[in-house]
Amino acid sequence: MPVTLESVRFRYDPHGPDILSGVDLTIPDGQMIALVGPSGSGKTTLLQLIGGILKPTAGTIRNTTAPGDMRWVFQTPTLLARQSVRHNIDIAVVSCPWSRSERADRVEEMIRDVRLEDFADMPVNRLSGGQQQRVQIARALASKPPLVLADEPTGQLDHTTTGVVMDAIRAARDRGTTVVIVTHDMYVAGLCERVVTLEDGGVSGDRMTGGMTRDVTGNMAGEQTDGADHGQA
Amino acid sequence: MARRNGSGTSRRTTTQSQWPLGAVWRQVRRTLLGQPGMALLLVLVTALVGGGLGLAEANMRQSAFDYQSRLTASGQYVLKASARTETGEGLLSAAACAGLNWVPGVKTATGFASGETTYLSATIAKAPGEYMSVQHVVGDFAPMLDPSSASRFDDGVYIDAALAGRIGIAEGMRIGLTTSGAGGEASTRTVTAHLLDMSARKFNESQVLYAAGPTTGTVGECLVEFEPGAYSDDSRKMVAAALDDGRTIVSITPFLAEDTNAVPPLEQYRGRISRWFWLASGLVCFLALFMPLVFRRHEFALYRSVGAGANPTALIHAISGALILLVGHVAGFLWMILIFAWTHRSLPDMIGTLAMTAGASFCVALFLTTIGCMALARGNMASFIQKRL
């Protein structure tokens with residue numbers, strides 16, 4: 001079931017201004033969508049509404065993903081500082097209905113996906129900020145969640161690392177995970193198949209990009225398209 | 001199945017299962033091994049606090065018990081019955097006094113002969129120039145003269161150990177004793193010397209040698225010591241009744257003069273502040289363990305955010321804390337025993353009590369830590385996520 005927002009309004013203060021007003025949005029299963037817009041446009045607020053952290057002042061949000069099944073990626077990595085990369089990712093698959101070997105394989109797969117094989121047994125507090133962010137993303141994707149909500153996941157990453165991270169996220173999307181990314185980075189937005197622009201509390205743009213791809217040389221390729229059909233399941 | 005809540009949002013129950021206990025234990029190991037320095041520090045703090053406060057409690061208890069023992073040795077439970085003529089002759093039946101040794105609740109009863117007819121001055125051949133006297137006693141006199149002594153009915157004379165040491169007399173030594181009575185006639189005989197420590201009840205304040213006398217006749221003083229649990233306000237009546245011959249007025253007073261400034265041992269024991277040290281120790285150990293957890297409470301939310309339920313999340317930290325508390329309290333108990341033995345030159349009689357103090361402290365700390373972890377694990381995950389967005 002897609003995530004559906006109908007005429008959603010939100011304000012923090014009952015007597016204050018609307019942060020979001022009349023937002024209509026449908027996010028189909030398995031779509032990778034970027035929320036972009038200037039600061040204060042309500043991107044993070046919209047993310048919190050989708051994730052159930054905030055309740056709308058008006059309107060309806062339908063999200064059939066349980067809070068325990070959603071995974072969050074924060075701008076600042078939140079990890080078990082004194083435990084290793086492998087252990088930090090492992091805690092995400094403990095409650096998955098898989099066998100022990102499947103869980104172990106999945107952890108190793110995620111370590112490979114984020115290119116941290118050489119650091120797998122190192123305590124995460126000894127890693128750089130970019131490496132820690134990769135661990136956080138690997139942990140978020142390890143349990144194959146139905147929905148991932150990411151707030152500026154590549155904000156502290158360089159270009160190359162951003163590419164690695166987005167590859168891992170897109171691999172999850174290919175398996176059917178719905179991904180919603182708040183970002184200021186238009187390069188990251190371009191890697192998503194759909195870009196929703198927020199401005200002044202409302203949706204000012206919603207287009208399908210087709211999704212940028214990377215060829216074997218690591219260069220970006222693909223074309224952007226304006227799609228009238230955006231988000232119909 | 002989707003559920004609709006009251007704010008226009010529908011949700012489905014999670015598809016993920018609970019953390020198995022094996023995973024919880026694995027995470028406990030990782031948590032402790034991930035910060036071995038902090039774990040060791042907490043064990044050390046727990047050991048020092050638990051052991052230190054337990055040691056203080058043991059010392060205060062021991063002090064109260066020692067005080068009680070000193071009072072008992074001094075004659076706290078001894079009554080003195082006396083009756084004499086104007087010339088100092090005893091009026092109490094020696095047999096009646098000696099017979100009190102068979103009364104239930106009486107630890108020992110001793111009669112002291114008095115009067116000119118019984119007074120004997122004495123000298124010892126080994127100690128010329130030392131003038132002593134011989135006091136005849138009846139009943140079980142050895143424990144009365146020396147509370148640490150068992151009953152003794154040997155022939156000979158009983159001398160204070162310090163006096164004997166000064167004049168060079170050893171236990172069992174045969175000594176020449178010359179005595180003379182009120183009539184001036186002297187007699188010399190060889191007797192066996194027995195030593196007793198007579199300092200506790202101050203029977204050593206004068207150079208008196210004690211010897212067993214006949215239970216026929218009279219005594220001027222009858223000292224009766226009761227077992228601590230048998231001593232009561234009725235004890236005087238019992239002694240008076242036993243010594244009453246129908247015509248003699250018997251004076252019965254406590255042997256030990258009451259010190260109105262001293263706190264009775266039982267009050268001292270009950271009022272000791274250290275009786276709450278098990279609670280203080282548990283609270284301090286809990287705070288030492290839990291405060292760092294409060295600063296790391298984001299870890300609770302982190303576990304919740306990756307699908308761990310509130311109970312497994314709480315268990316991870318509660319079990320980690322429990323292990324630290326257990327090792328710390330065991331270590332503290334052991335060093336408490338060692339320090340006590342070193343300072344008192346003996347093992348504490350109350351090892352079981354020390355173990356209970358450590359155990360009570362452990363239980364308090366464990367209970368509070370578990371409650372605290374459960375509270376942190378049930379914290380608002382939404383708030384945690386919001387702070388990071």
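Computed from a predicted structure; not experimentally measured.

(A) The overall build of chain B, seen in detail. Within chain B, the secondary structure is distributed over twelve helices and 14 strands. Taking 21 Å as the expected radius of gyration for a compact globule of 389 residues, we find that chain B reaches 35 Å, considerably beyond that expectation. If you line up chain B on its principal axes, its C-alpha atoms span 120 × 45 × 35 Å. The buried share of chain B, reckoned over its 389 residues, is 44%. Long-range contacts, defined as pairs at least 24 residues apart, comprise 77% of the intrachain contacts of chain B with a sequence gap of at least 6. Of the accessible surface of chain B, which amounts to about 19300 Å², a share of 61% is contributed by carbon and sulfur atoms.

(B) Representation of the overall build of chain A. The secondary structure content of chain A amounts to six helices and eleven strands. Across the 233 residues of chain A, 58% fall into the buried class. Looking at chain A alone, contacts between residues at least 24 apart form 67% of all its contacts between residues at least 6 apart. Summed over its atoms, the accessible surface of chain A is roughly 9300 Å², and 46% of this surface lies on carbon and sulfur atoms.

(C) Looking closely at the state of the cysteines. Residue and element names in this part refer to chain B. All told, the structure shown has one disulfide over all chains when counted by the stated rule. A disulfide-free cysteine, Cys373 has its sulfur positioned 15 Å from the sulfur of Cys285, the nearest such atom. Relative accessible area serves as the criterion here: at 0%, Cys373 is assigned to the buried category.

(D) Local environment of the domain arrangement of chain A. Residues and elements named next belong to chain A. Segmentation of chain A into domains returns domain 1 (1–65 + 146–233) and domain 2 (79–144). Each partner contributes to the interface: domain 1 provides 13 residues, whereas domain 2 provides twelve residues. Counting the surface domain 1 buries against domain 2, the share from its top three residues, Val164, Ala168 and Arg175, is 39%. The interface formed by domain 1 and domain 2 contains one salt bridge. Glu109 is the salt-bridge partner of Arg175, the closest N and O atoms lying 3.9 Å from each other. Summed over the shared surface of domain 1 and domain 2, the result is one residue pair in polar contact (both at pLDDT 80 or more). The element that contributes the greatest number of residues to the side of domain 1 that touches domain 2 is helix 5 (residues 159–174), accounting for six residues.

(E) Quick look at the packing of helix 4 (residues 129–142) of chain A against helix 5 of chain A. Residue and element names in this part refer to chain A. Contact pair helix 4 / helix 5: the axes reach a minimum separation of 11 Å and the direction vectors enclose 0°. Judged on the interaxial angle alone, helix 5 and helix 4 are roughly parallel. Residue-level inspection shows Gly130, Arg134, Ile137 and Leu141 of helix 4 in contact with helix 5, the latter providing Thr161, Val164, Val165, Ala168, Ile169 and Ala172. Residues of the contact of helix 4 with helix 5, tallied by class, amount to seven nonpolar, two polar and one charged.

(F) Geometry of the side chain of Thr161 of chain A. Residue and element names in this part refer to chain A. Looking at where Thr161 falls in the secondary structure, it is placed in helix 5. Overall, the relative accessible area of 11% leaves Thr161 in the buried class. Aside from chain neighbours lying at most four places away, what touches Thr161 is Gly130 and Arg134.

(G) Local environment of the nonpolar core. Ranked by internal contacts, the top residues of the largest apolar core, which has 71 residues, are Ile89, Val135, Leu141, Met166, Ile169 and Ile181 of chain A together with Trp19 of chain B. Examining the composition of this core, we find that six residues originate from one element, helix 4 of chain A, more than from any other. Setting aside residues up to four positions removed in sequence, Val135 of chain A forms contacts with Leu79, Val85, Asn88, Ile89, Leu116, Val124 and Leu127 of chain A. Counting 29 residues, the second-largest nonpolar core is a separate cluster that includes Leu5, Phe10, Leu35 and Leu47 of chain A.

(H) Just the UniProt feature "transmembrane region" (unreviewed entry) in chain B, in detail. Residues and elements named next belong to chain B. Sequence positions flagged by UniProt for "transmembrane region" (unreviewed entry) are, in local numbering, residues 38–56, 276–295, 315–342 and 354–377. As annotated, residues 38–56 comprises 100% helix and 0% strand, and the C-alpha atoms at either end are separated by 27 Å. Counted over residues 315–342, helix gives 100% and strand 0%. Its end C-alpha atoms are 40 Å apart.

(I) Region of interest: helix 4 of chain A. Residues and elements named next belong to chain A. Taking 1.5 Å of rise per residue, 14 residues should cover 20 Å, and helix 4 covers 20 Å from first to last C-alpha, within 8% of that figure. The buried fraction of helix 4 amounts to 13 of the 14 residues, a majority that puts the element mostly inside the structure. Following helix 4 by one or two positions, Lys144 has its phi on the positive side, about 50°.

(J) Focus on the environment of Gly217 of chain B. Residues and elements named next belong to chain B. Residue placement: Gly217 occurs in the loop between strand 11 (208–212) and strand 12 (218–219). By relative accessible area, which is 49% here, Gly217 ends up partly exposed. Contacts of Gly217, omitting those with residues within four sequence positions, involve Leu92, Ser93 and Ala94.

(K) How the structure looks around the sheet that holds strand 6 (residues 147–151) of chain A. Residue and element names in this part refer to chain A. On the basis of which strands lie adjacent, the open sheet formed by six strands has the order 5-6-7-3-8-9 and mixed pairing. If you trace the sheet from one side to the other, it starts and ends with strand 5 (70–73) and strand 9 (202–208), each paired once. Averaged over neighbouring strand pairs, the angle between their axes works out to 15° when direction is ignored. In the sheet, strand 6 pairs with strand 7 (residues 178–182) via five bridges, with the strands oriented parallel. Note on strand 7: the bridge partner recorded for Asp151 is Val182. Helix-sheet contacts for helix 1 (residues 43–50) involve strand 3 (32–36), strand 5, strand 6, strand 7 and strand 8 (194–199), and the interaxial angle to strand 6 is about 155°.

(L) Expanded view of the packing of helix 10 (residues 310–344) of chain B against helix 11 (residues 351–377) of chain B. Residue and element names in this part refer to chain B. Direction vectors running N to C along helix 10 and helix 11 enclose 160°, while the axes themselves pass 9 Å from each other. By the angle class used here, helix 10 and helix 11 are roughly antiparallel. Between helix 10 and helix 11 lies a crossing of right-handed hand. Per-class residue counts for the contact of helix 10 with helix 11 are 19 nonpolar, six polar and no charged.

(M) Up close: empty space enclosed by the protein. All names here are of chain B. Under the criterion given, the structure shown has four cavities of 30 Å³ or more. When its volume is computed, the largest cavity comes out at roughly 150 Å³. Looking at the largest cavity, it is lined by 14 residues, and the ones nearest its centre are Gln35, Leu42, Leu293, Arg296 and Ile324. Within the residue set of the lining of the largest cavity, elements represented by two or more residues are helix 1 (21–34), helix 2 (36–74), helix 8 (277–295) and helix 10.

(N) View of the domain arrangement of chain B. Taken as a whole, chain B is organised into domain 1 (21–68 + 270–386) and domain 2 (78–255). For domain 1 of chain B versus domain 2 of chain B, the distance between C-alpha centres works out to 58 Å.

(O) Local environment of the pairing of strand 10 (residues 186–196) of chain B. Residue and element names in this part refer to chain B. In the sheet, strand 8 (residues 157–160) pairs with strand 10 via four bridges, with the strands oriented parallel. Bridge pairing links Val157 to Ala193 in strand 10. Remark: five residues form the turn of the hairpin made by strand 9 (residues 174–180) and strand 10, two consecutive strands paired antiparallel; Gly184 in that turn has positive phi of roughly 90°.

Cut-offs used in this document
Residues numbered from 1 in each chain as written. Chains lettered and ligands numbered in written order. Predicted model: local features only at pLDDT ≥ 70, side-chain atom pairs only at ≥ 80, totals over all residues. Heavy atoms only, no water. Helix = DSSP H or I, 4+ residues; strand = E, 2+ residues; numbered from the N terminus. Rg over C-alpha atoms; globule rule 2.2 N^0.38 Å. Buried < 20%, exposed > 50% of the residue type's maximum accessible area, 1.4 Å probe, protein only. Contact = heavy atoms within 4.5 Å. Areas by Shrake-Rupley, 256 points an atom, 1.4 Å probe, with all protein chains shown as cover. Disulfide = S-S within 2.5 Å. Domains from an automatic or database assignment. Buried area = accessible area lost by both parts, 1.4 Å probe. Salt bridge = Lys/Arg side-chain N within 4 Å of Asp/Glu carboxyl O. Polar contact = N/O pair within 3.5 Å; in protein donor to acceptor, adjacent residues only side chain to side chain. Axes fitted to C-alpha atoms, helices over the stretch in contact; angles between N-to-C directions. Parallel < 35°, antiparallel > 145°, perpendicular 65-115°, else oblique. Nonpolar A, V, L, I, M, F, W, Y, C, P; charged D, E, K, R; others polar. Core = buried A, V, L, I, M, F, W, Y, C linked by side-chain atoms within 4.5 Å. UniProt positions renumbered as here; feature names shortened; annotations may be inferred. Expected span 1.5 Å × (residues − 1). Pairing = 2+ DSSP bridges. Left-handed = near helix turned anticlockwise from the far one by under 90°. 1 Å grid on protein atoms, 1.4 Å probe; cavity = no way out; pocket = protein on both sides within 12 Å on 5 of 7 lines; lining within 4 Å. Points joined across faces, edges and corners; volume = space filled by probe spheres on them.

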